[in-house]
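Chain by chain, the residues:
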Number of protein chains: 2
Amino acid sequence: MSTKLSLQSELFTRGVEDIVTREEVERSLKSGRRLRIKLGIDATSPDLHIGHATPLWKIRALQDAGHKAVIILGEFTTRVGDPTGKDATRPVLSETVIKKNIASLKKQLGMILRMDAAHLEIRKNSEWWARMKVGEFFSLLSLVTHARLIEREMFQQRIKHGREIAMTEMLYPILQGYDSVAIKSDMTIIGSDQLFNEHFGRFFQEKFAIPPQTIVSLKILPGLDGGAKMSKSLGNYIALMDTPQDKFGKAMRLIDALIIPYLEVYTDVAGEEIRRVERELGGGGNPRDAKLFFAEALVRRYHGPAIAKKERERFLAVYSGRQQPDEMPEISLREGAWSLVELLVACALAPSKSEARRLVLQKAVEADGITLENLSDPIAVKKGMVIKVGKRKYIRIV
Amino acid sequence: MSTKLSLQSELFTRGVEDIVTREEVERSLKSGRRLRIKLGIDATSPDLHIGHATPLWKIRALQDAGHKAVIILGEFTTRVGDPTGKDATRPVLSETVIKKNIASLKKQLGMILRMDAAHLEIRKNSEWWARMKVGEFFSLLSLVTHARLIEREMFQQRIKHGREIAMTEMLYPILQGYDSVAIKSDMTIIGSDQLFNEHFGRFFQEKFAIPPQTIVSLKILPGLDGGAKMSKSLGNYIALMDTPQDKFGKAMRLIDALIIPYLEVYTDVAGEEIRRVERELGGGGNPRDAKLFFAEALVRRYHGPAIAKKERERFLAVYSGRQQPDEMPEISLREGAWSLVELLVACALAPSKSEARRLVLQKAVEADGITLENLSDPIAVKKGMVIKVGKRKYIRIV
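Residues numbered from 1 in each chain as written. Chains lettered and ligands numbered in written order. Predicted model: local features only at pLDDT ≥ 70, side-chain atom pairs only at ≥ 80, totals over all residues. Heavy atoms only, no water.

A. Main features of the confidence of the model for chain A. Scored by pLDDT, chain A has a mean of 89; 95% of the residues are at 70 or more. Taken element by element, the predicted model of chain A shows its lowest mean pLDDT in helix α3 (residues 75-80) of chain A (78) and its highest in strand β6 (residues 214-218) of chain A (97). (pLDDT = per-residue confidence, 0-100. Helix = DSSP H or I, 4+ residues; strand = E, 2+ residues; numbered from the N terminus.)

B. Focus on the pairing of strand β3 (residues 68-74) of chain A. Residues and elements named next belong to chain A. In terms of burial, β3 is a largely internal element, seven of the seven residues being buried. Side-chain alternation along β3 places Lys-68, Val-70, Ile-72 and Gly-74 on one buried face and Ala-69, Ile-71 and Leu-73 on a second face that is also buried. Handedness of the crossover joining strand β2 (residues 36-42) and β3 through helix α2 (residues 50-64): right-handed. As paired elements, β3 and strand β4 (residues 120-124) share five bridges and run parallel to each other. Pairing of Ala-69 across the sheet is with Leu-120, part of β4. (Buried < 20%, exposed > 50% of the residue type's maximum accessible area, 1.4 Å probe, protein only. Right-handed = clockwise from strand over helix to strand, strands pointing away. Pairing = 2+ DSSP bridges.)

C. How the structure looks around the relation of the copies chain B and chain A. The two copies are related by a screw operation: chain B maps onto chain A through 180° of rotation and 0.1 Å of translation along the axis, at an RMSD of 0.1 Å. In the structure described here, the two chain copies are related by an operation that fits a two-fold rotation axis. Among all C-alpha atoms of chain B, that of B:Lys133 lies closest to the rotation axis, at 2.3 Å. Most of the interface of chain B is mirrored in chain A: 100% of its interface residues are interface residues there too. (Least-squares fit on C-alpha atoms with pLDDT ≥ 70 in both. Contact = heavy atoms within 4.5 Å.)

D. Expanded view of the interface of chain B and chain A. Contacts between chain B and chain A engage 27 residues on the former and 27 residues on the latter. The junction of chain B with chain A conceals about 2200 Å² of combined surface from both sides, 80% of it contributed by carbon and sulfur atoms. Our count for the chain B to chain A interface comes out at zero salt bridges. One can count seven residue pairs in polar contact (both at pLDDT 80 or more) joining chain B with chain A. Of all the elements in the fold, those that place two or more residues in the side of chain B that touches chain A are α3 (75-80), α6 (134-141), α7 (146-150) and α9 (167-170) of chain B. Looking at the side of chain B that touches chain A element by element, the count peaks at five residues for α6(B). (Buried area = accessible area lost by both parts, 1.4 Å probe. Salt bridge = Lys/Arg side-chain N within 4 Å of Asp/Glu carboxyl O. Polar contact = N/O pair within 3.5 Å; in protein donor to acceptor, adjacent residues only side chain to side chain.)

E. Spatial organisation of the packing of helix α6 (residues 134-141) of chain A against α6(B). Taken N-terminus to C-terminus, the directions of α6(A) and α6(B) make an angle of 65°; their axes are 9 Å apart at the nearest point. Judged by the inter-axis angle, α6(A) sits roughly perpendicular to α6(B). Within the contact between the two elements, α6(A) uses A:Val134, A:Phe137 and A:Phe138 and α6(B) uses B:Val134, B:Phe137 and B:Phe138. Of the residues that constitute the contact of α6(A) with α6(B), the class distribution is six nonpolar, no polar and no charged. (Axes fitted to C-alpha atoms, helices over the stretch in contact; angles between N-to-C directions. Parallel < 35°, antiparallel > 145°, perpendicular 65-115°, else oblique. Nonpolar A, V, L, I, M, F, W, Y, C, P; charged D, E, K, R; others polar.)

F. Just unusual backbone geometry, in detail. All names here are of chain A. For the peptide bond that leads from Val-20 to Thr-21, omega is -15°, which places it in the cis range. Within the element layout of this structure, Thr-21 appears in the loop between β1 (16-20) and α1 (22-30). Its identity is not glycine, yet Ala-209 carries a phi of approximately 60°, on the positive side. Here Ala-209 is to be found in the loop between α11 (195-207) and β6. Positioned with a positive phi, Lys-363 is a non-glycine residue whose angle comes to about 60°. Following the sequence through the fold, Lys-363 ends up in the loop between α18 (353-361) and β9 (365-367).

G. Geometry of the side chain of A:Gln63. All names here are of chain A. Assignment of secondary structure puts Gln-63 in helix α2. With relative accessibility at 0%, the residue Gln-63 sits in the buried group. Within the structure, the side chain of Gln-63 is placed 2.8 Å from the backbone oxygen of His-119, a separation counted as a polar contact. Beyond its immediate chain neighbours, meaning those up to four positions away, Gln-63 contacts Ala-69, Leu-113, Arg-114, His-119 and Leu-120.

H. Highlighting the sheet that holds strand β7 (residues 330-331) of chain A. Residue and element names in this part refer to chain A. Here we have five strands laid out as an open sheet, ordered β7-β13-β12-β9-β10, and mixed in their pairing. One side of each edge strand has no neighbouring strand; the edge strands of this open sheet are β7 and β10 (370-371). Relative to strand β13 (residues 393-397), strand β12 (residues 386-389) is paired through four bridges, and the arrangement is antiparallel. By the bridge assignment, Val-386 is partnered in β13 with Arg-396.

I. Summary view of the packing of helix α13 (residues 259-266) of chain B against helix α15 (residues 287-303) of chain B. All names here are of chain B. Interaxial distance between α13 and α15 falls to 10 Å at its minimum, and their mutual angle equals 15°. Considering the angle they form, α13 stands roughly parallel to α15. Between α13 and α15 the crossing geometry is left-handed. Side by side, α13 and α15 meet where Ile-259, Tyr-262, Leu-263, Val-265 and Tyr-266 of the first sit next to Pro-287, Ala-290, Lys-291, Phe-293, Phe-294, Leu-298 and Arg-301 of the second. Class assignment of the residues belonging to the contact of α13 with α15 gives a composition of 10 nonpolar, no polar and two charged. (Left-handed = near helix turned anticlockwise from the far one by under 90°.)

J. Region of the structure containing the packing of aromatic side chains. Going through the model one piece at a time under the given rule, you end up with 29 aromatic pairs over all chains. With a centroid separation of 4.7 Å and an interplanar angle of 85°, the aromatic rings of A:Tyr262 and A:Tyr266 are classed as edge-to-face. With A:Tyr262 and A:Tyr266 both in helix α13 (residues 259-266), this residue pair falls four residues apart, about one helical turn. Counting every residue linked through ring pairs, the aromatic cluster contains A:Phe76, A:Trp129, A:Phe137, A:Phe138, A:Tyr178, A:Phe208, B:Phe76, B:Trp129, B:Phe137, B:Phe138, B:Tyr178 and B:Phe208. Over the ring of A:Phe293 we find A:Arg276, and its NZ or CZ is 5.6 Å from the ring centre. Directly above the ring of B:Tyr237 sits B:Lys250, whose terminal nitrogen or CZ lies 4.6 Å from the centroid. (Phe/Tyr/Trp six-rings, centres within 6.5 Å; stacked < 30°, edge-to-face > 60°. Lys NZ or Arg CZ within 6 Å of the ring centre and 35° of its normal.)

K. Summary view of the pairing of strand β3 (residues 68-74) of chain B. For strand β2 (residues 36-42) of chain B and β3(B), the ladder comprises seven bridges, and the chain directions are parallel. Of the residues in β3(B), the one forming a bridge with B:Arg36 is B:Lys68.

L. Representation of the environment of A:Phe76 within the structure. Along the chain, the position of A:Phe76 falls in helix α3. Given the relative accessible area of 2%, A:Phe76 is considered buried. A:Phe76 sits 52 residues away from A:Glu24 along the chain, and the two C-alpha atoms are 30 Å apart. Every residue in contact with A:Phe76, bar those within four places of it in the chain, is listed here: A:Asn125, A:Ser126, A:Trp129, A:Leu175, B:Val134, B:Gly135 and B:Phe138.

Right, here's the structure in full:
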């Protein structure tokens, strides 16, 4: 029923941080059974970025080998709020926003996964959580001790810094864990920050006499600016819904140190090719060439080779055509996420916020050769970045 | 609609440890409104003892003044398990046992409370908890932080000693607290160990825009032996279902230091009378006389003056009729709860456990003049206690 994959294949090695357990994965792959591969997606945001896509591409490869993706859209759990990686309790979303996000997320799944019923099952976890009574929930709770939940590193950090933990957040791993019982998952592929929660999946499955799911946990990379992991609010991410041009432009803003890890984790470029780029960089090659290689590979993965090639050519034409002056004013600014409007005012490239807004809407603003046209997207400022307004105004951030 | 009571009356002073808040109680008493007085009773055991009865007598007085008792039989919460005063997680009871306990508890309520519908409402908290969905429960949970629940002294003790806290136990105060929302209680009268839980009642009522209940918390006394509070497993309690003879006999085993506090908390003897007994004891009076006074008052409260007088006479006849020898064998034994059979064997009053059992069933065993006839009841051993078997065998515990 399914093609037999090996634990030594790229699927289980490239970008993989840990496997729980290798023996169980090996056994399930050898069995020839069609496995149910769980991935829970939180409906906090309408956008997926290339970080979210990493497990999805692995799952796509499993679909190609005959296995079944079971995507859980966290309608119920989003109302509760996953505290993973959050250093403070976050606001709760309205049901309208959650439903809108879910519709948008489903569309994006189609960019990566096989969407036919034989290869994909989409579930909302409100199916089981909205039906469950408090008594049944307490039966689950009675299996779990306080010590087991509170040992989580993130909670310990919050306690240490005197920050609050809502009881809903504390119980989140129980919800995510029981999801694995509800859909009878055989395997889950996750970012490594979900490992704690998914261990509860194994725990509850064992309590319910279901064979425990295996867990393939993936490396999480820093964002484009080398800081925290990709997030919309930090302006350091590449969204699946970004246009090919935006994807290419953002990829060109990647810091040099991340070119090789990004090639490994975010593209399907063959390993030997990546080693070649790595050798060139090590031998004094121009990082810009390596970045062009990465940007093209990234766009190719989502939009095909023709569009990727076109974007490369467009980028080179625009970027080489517009000569930057050697000397320009410099300004010292805090690195990190900025509102575009505030950045322009801070650089004295616009006399007022309203003028700054007008310039952006006229597409007169560029950062490192990329036109910035979305007022609400933050921009990740870093030293060396060149901001240009109109035809002649330049400033370099130092 | 209700008689106006004063905050200075015995009801709100005698045996009372704390009132939250005095101003609110005063205002509600002055309003003339018929108040709803909450008392939650756990269905862990089929027996109430005179400790449980203390808030019930206060509530009876409130009924007499026109207020309404709302007794919550903890059908749902008993399945969860109140961790109050427990240093380890306790086993969960079956539904059959809980139902049997509830039937028995209802009968005992009738020994104290007015049972007519105008003065009493009996509710099972499964009414609202069995209906509630997990989503609604999470709305409650989102109001509560981890810090607020874990600050509870008992949990801190468990953490310190490396003992487990089941998550069901941790959430127990949320259940007990929300009960106050469900029944819209105006006041609750509780043993002081329930204060933490009932503060959650006020908390949730405020969140649900219901005027918060006031809390009258009562002193908790040590058991008959002066050790931990009354409990069946320690053999240091007087049950409501004990016969008048047993009540009298157990009362006579009370340690001297507790005579005055027991008169205060467990009887309705007038304050001046108690002061008189206290003066007599202070002036070298015989504690046995004070204990006879207490025992008669206790039996009178539950069974009326005629039966109380009869029990006093019976006790004196039996006790004076049977002269103890001045000299008798002595044995040094651990104080505290003993199985009757093991005690007899340890004292060499029976050659074997089966012989010990036979002696008890023949009513041949006495402790301090009280016949011990129930094999399964533990006995609280203390220094000075005289055990008698048959007509001639005596032993004193030292």
